[in-house]
Amino acid sequence: MPRIITFFKIKVTIILITGAGKGIGRACALLASSLGAKVIAVARSQSDLDSLAEADARIVGWPVDVNLAEFFLKVTELETIDGLINNVGINRAAPMSEQVKLAA
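Note that this is a predicted model, so its numbers are computed, not measured.

### Here's the deal with the pattern of salt bridges
Two side chains with opposite charge may pair up if their charged atoms get near one another.
Item 1. If you walk through the whole model with that rule in mind, you get two salt bridges.
Item 2. Measuring nitrogen to oxygen at the nearest pair gives 2.6 Å for the salt bridge that ties aspartate 48 to lysine 22. With aspartate 48 in helix α2 (residues 46–55) and lysine 22 in the loop between β1 (14–18) and α1 (23–34), this pair connects stretches of sequence that are 26 residues apart.
Item 3. Between arginine 58 and aspartate 56 there is a salt bridge whose closest N-O contact spans 3.0 Å.

### Observations concerning the nonpolar core
Item 1. Counting residues in each nonpolar core, the largest one holds twelve residues, listed as Ile15, Ile17, Ala20, Ala29, Ala32, Ala37, Val39, Ala41, Ala43, Leu49, Leu52 and Ile59.
Item 2. For this core, the elements supplying multiple residues, two or more each, are β1, α1, β2 (38–43) and α2.
Item 3. Top element by residues in this core is β2. It accounts for three residues.
Item 4. Residues Leu16, Ile40, Trp62 and Phe71 belong to the second largest nonpolar core, which totals ten residues.

### Quick word on the side chain of aspartate 48
Item 1. Using a relative accessible area of 15% as the deciding quantity, one classes aspartate 48 as buried.
Item 2. Those residues within four positions of aspartate 48 in sequence are excluded, and the remaining contacts are Gly21, Lys22 and Arg26.

### What about helix α3 (residues 69–77)?
Item 1. Among all positions of α3, only Ala69, Phe71, Phe72 and Val75 are buried. The arc enclosing the buried residues of α3, seen along the axis, measures out at 160 degrees, which places them on a common side.

### A short note on the packing of aromatic side chains
Item 1. Overall, the coordinates contain two aromatic pairs when judged by the stated rule.
Item 2. Ring plane angle 75 degrees and centroid distance 6.4 Å describe the contact between tryptophan 62 and phenylalanine 71, whose orientation is recorded as edge-to-face.
Item 3. The exposure class of tryptophan 62 is buried, given its relative accessible area of 9%.
Item 4. Judged by centre distance (5.3 Å) and plane angle (70 degrees), the ring pair of phenylalanine 71 and phenylalanine 72 falls under edge-to-face.

### Digging into the pairing of β1
Item 1. Burial analysis of β1 places five of its five residues in the buried class, which makes it a mostly covered element.
Item 2. Residues Ile14, Leu16 and Thr18 point to one face of β1 and Ile15 and Ile17 to the other, with burial holding for every one of them.
Item 3. Taken together, β1, α1 and β2 constitute a β-α-β crossover, and its handedness is right-handed.
Item 4. As defined by bridge partners, β1 adjoins strand β4 (residues 83–86) across four bridges and the pair is classed as parallel. Note that in β4 the partner of isoleucine 15 across the bridge is glycine 83.

Rules behind the numbers
- Residues numbered from 1 in each chain as written.
- Predicted model: local features only at pLDDT ≥ 70, side-chain atom pairs only at ≥ 80, totals over all residues.
- Heavy atoms only, no water.
- Salt bridge = Lys/Arg side-chain N within 4 Å of Asp/Glu carboxyl O.
- Helix = DSSP H or I, 4+ residues; strand = E, 2+ residues; numbered from the N terminus.
- Core = buried A, V, L, I, M, F, W, Y, C linked by side-chain atoms within 4.5 Å.
- Buried < 20%, exposed > 50% of the residue type's maximum accessible area, 1.4 Å probe, protein only.
- Contact = heavy atoms within 4.5 Å.
- Arc of directions from axis to C-beta.
- Phe/Tyr/Trp six-rings, centres within 6.5 Å; stacked < 30°, edge-to-face > 60°.
- Right-handed = clockwise from strand over helix to strand, strands pointing away.
- Pairing = 2+ DSSP bridges.

Set out below in structure tokens:
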């Protein structure tokens with residue numbers, strides 16, 4: 001781990017990371033977990049999430065596409081989210097509160 005990272009501890013408890021299956025999202029999930037956060041990793045691929053869980057058992061995987069209403073419904077069922085790393089992009093011109101209506 002780079003030396004500068006050793007100076008940081010995450011003060012939040014739950015971080016939701018979209019696009020966590022590969023690349024930057026995966027690296028963010030592993031780093032956030034190593035710094036003490038409970039990570040909810042969102043990816044379309046169950047095998048990518050399984051690989052994350054093998055690397056760090058504190059990471060919880062959500063195999064869902066953020067374009068689907070299922071994702072927004074899962075988010076609304078959470079008691080709290082302390083942090084968000086939005087590592088995927090979608091293009092919907094509407095407030096978050098209206099996204100479920102658009103995705104349905």
